[in-house]
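Structural description and commentary
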Amino acid sequence: MSQSSVAGEALPAAALTVDRRRARRKAAWRRRGLVLLFMSPWLVGFTVFFLYPLVMSAYLSFNHYDLLAPPRWVGWANYHYLFRQDPQVWTAIKNTLWLIVVMVPLQIAFAFGLAVMLTRARMGAGAFRTVFYLPALAPPVAATLAFVYILNPVTGPVNVLLGHLGIQGPLWFQDPHWSKPSLVGLGLWGVGTIMIIFLAAVLDVPRQLYESAELDGANAFQRMRWVTLPTISPVILFAVVLGVIQGLQYFTQAYVAAGVAAGQASQAADVTAVNLGYPQDSTLFYPVLLYEHGFTDFQMGYASAMAMLLLAVSFAVTLVIILNSKRWVHVAGPVR
């Protein structure tokens, strides 16, 4: 066979290989375009409602901005005032830390206790689950208004009942020592969502683990300690992370309760009470202070600096919790 015929046969083969490569590249680009098409609603929502506000908040945190005039660059002045000069910031931070340290563990323990009780209910388990979950469906504003009414120191049913029992009820939201515990009570009342998650986790614990523990002579507490808690530890981690993030962003209930309680105090004493952190800054949490600076005082630049600090702290705390979870979170290995 001549060299020209061999070259003639090699040229169509090379061209066919090039065509196949082009076809594969076109198919790959079509797949990428289809994926982007299906992801476009999420990408648009992420860009408009998260990425753009985040970038603008970071930019405005270095500016003086009052919503009326264009932003004016001030450098690190907002952060300097935040860390060194604002007299209310550290009060807000202390109240927020108190809420996280007290309310989050109580919510997790209460939700877990309810879940365990529901797993042992022999009759009416579905009805009890519905009853315990219903408070989680109540809007936060409506639930807070209901709690302020129930805990009204004069006409509230709780203090009226305590009065019939010969007990002098506290002032609840009117007392700086009882305002945060009252909010904790409101938080415990609405643990239905976490309770349902714990209930699913407890029901998913393999039955053979309990049977093995019983054969080894473990009592109910030991089975709870060495079987149930390690098995559902990933769910506990989820509840801790979610609770801490919600605690750092705690706003609606505190703001509404302080405003209503201040209004009640104004009517009772015929004076004007300050809504922010009422009473005596006991409900002044970090997001409440951020809202006041941004939307009441129109200090949007300074509020943006506070928001960026909140974002950094939330990320750091979540990262620390997840990194340290390796010590107490047990993940089952694959079954072979």
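Scroll up a little and you will see the structure.
Residues numbered from 1 in each chain as written. Predicted model: local features only at pLDDT ≥ 70, side-chain atom pairs only at ≥ 80, totals over all residues. Heavy atoms only, no water.

Okay, the overall build of the protein next. Check the secondary structure of the protein and you find 14 helices and two strands. In terms of overall dimensions, the protein has a C-alpha envelope of 115 × 75 × 35 Å along the principal axes. A burial count over the protein gives 35% of its 336 residues as buried. A separation of at least 24 residues holds for 69% of the contacts in the protein among residues at least 6 apart in sequence. Within the protein, the 13 negative side-chain charges are centred at a point lying 17 Å from the centre of the 22 positive side-chain charges. (Helix = DSSP H or I, 4+ residues; strand = E, 2+ residues; numbered from the N terminus. Buried < 20%, exposed > 50% of the residue type's maximum accessible area, 1.4 Å probe, protein only. Contact = heavy atoms within 4.5 Å. Lys, Arg positive; Asp, Glu negative; His and termini not counted. Charge placed at Lys NZ, Arg CZ, Asp CG, Glu CD.)

Under the defined criterion, the tally for this structure stands at 16 aromatic pairs. Ring geometry for Trp172 against Trp178: centres 5.2 Å apart, planes inclined by 70°, an arrangement best described as edge-to-face. Residue classification places Trp172 among the buried residues on the basis of a relative accessible area of 14%. A connected cluster of aromatic rings, assembled from ring pairs, spans Tyr59, Phe62, Trp73, Trp76 and Tyr79. A cation over an aromatic ring shows up here: Lys180 above the ring of Trp98, its NZ or CZ 5.5 Å from the ring centre. The ring of Trp226 carries Arg225 above its face, with NZ or CZ at 4.1 Å from the centroid. (Phe/Tyr/Trp six-rings, centres within 6.5 Å; stacked < 30°, edge-to-face > 60°. Lys NZ or Arg CZ within 6 Å of the ring centre and 35° of its normal.)

Right, let's talk about a positive patch on the surface for a bit. Taken together, the side chains of Arg20, Arg21, Arg22, Arg24, Arg25, Lys26, Arg30, Arg31 and Arg32 present a region of like positive charge at the surface. Mapping Arg30 onto the fold places it in helix α1 (residues 3-60). Classification of Arg30 by relative accessible area gives exposed; the value is 56%. (Patch = residues over 30% accessible without salt bridge, like charges linked within 9 Å, V, L, I, M, F, W, Y side chains within 5 Å. Areas by Shrake-Rupley, 256 points an atom, 1.4 Å probe, with all protein chains shown as cover. Salt bridge = Lys/Arg side-chain N within 4 Å of Asp/Glu carboxyl O.)

Moving on, we get to helix α13 (residues 286-296). For α13, a buried count of eight out of 11 residues is recorded, marking the element as mostly surrounded by other parts of the structure. Among the residues of α13, Tyr286, Pro287, Val288, Leu289, Leu290, Glu292, His293 and Gly294 are the ones counted as buried. Positive phi shows up at Phe298, right after α13, with a value of about 55°.

For the pair helix α5 (residues 140-150) and helix α7 (residues 179-189), interaxial distance at closest approach is 11 Å and the crossing angle is 125°. By the angle between their axes, α5 is oblique relative to α7. For the pair α5 and α7, the sense of crossing is right-handed. Packed against α5, whose contacting residues are Ala143, Thr144 and Phe147, the element α7 presents Ser182, Gly185, Leu186 and Trp189 at the interface. Residue classes in the contact of α5 with α7 are distributed as four nonpolar, three polar and no charged. (Axes fitted to C-alpha atoms, helices over the stretch in contact; angles between N-to-C directions. Parallel < 35°, antiparallel > 145°, perpendicular 65-115°, else oblique. Left-handed = near helix turned anticlockwise from the far one by under 90°. Nonpolar A, V, L, I, M, F, W, Y, C, P; charged D, E, K, R; others polar.)

The next point concerns the environment of His293. In this fold, His293 is placed in helix α13. With 130 residues separating them in the primary sequence, His293 and Gly163 have C-alpha atoms 41 Å apart. Excluding anything up to four places from it in sequence, His293 contacts Asp86, Phe298, Gln299, Tyr302, Ala303 and Met306.

Here we take up the nonpolar core. Among the nonpolar cores identified, the biggest contains 67 residues, and Phe198, Ile232 and Tyr286 are the most heavily contacted of them. It is helix α3 (residues 89-119) that contributes the most residues to this core, 13 residues altogether. The residues touching Phe198, leaving out its near neighbours within four places in the chain, are Ile108, Ala111, Phe112, Ala115, Ile232, Val235, Ile236 and Ala239. (Core = buried A, V, L, I, M, F, W, Y, C linked by side-chain atoms within 4.5 Å.)

Assignment of secondary structure puts Tyr52 in helix α1. On the basis of relative accessible area, Tyr52 is assigned to the exposed category, the value being 52%. When the C-alpha positions of Tyr52 and Ala127 are compared, they lie 45 Å apart, and in sequence the two are 75 residues distant.

On to the side chain of Glu292. With respect to the helices, strands and loops of the structure, Glu292 is situated in helix α13. Here Glu292 sits buried without a salt bridge, and the closest side chain of opposite charge, Lys180, lies 17 Å off (N-O distance). A polar side-chain atom of Glu292 sits 3.4 Å from a polar atom in the side chain of Tyr255. (Polar contact = N/O pair within 3.5 Å; in protein donor to acceptor, adjacent residues only side chain to side chain.)

Quick look at a nonpolar patch on the surface now. Judged by side-chain polarity, Val35, Leu36, Met39, Trp42, Leu43, Phe46, Phe50, Leu51 and Val55 come together as a nonpolar surface patch covering roughly 810 Å² of accessible area. Relative to the assigned elements, Phe50 resides in helix α1. We classify Phe50 as partly exposed; its relative accessible area is 43%.

A word on the packing of helix α2 (residues 77-84) against helix α14 (residues 300-324). Contact pair α2 / α14: the axes reach a minimum separation of 9 Å and the direction vectors enclose 65°. For the element pair α2 / α14, the angle class is roughly perpendicular. The handedness of the crossing between α2 and α14 comes out as right-handed. Judged by residue contacts, Asn78, Tyr79, Tyr81, Leu82 and Phe83 of α2 engage Gly301, Tyr302, Ala305, Met306, Met308 and Leu309 from α14. Per-class residue counts for the contact of α2 with α14 are nine nonpolar, two polar and no charged.

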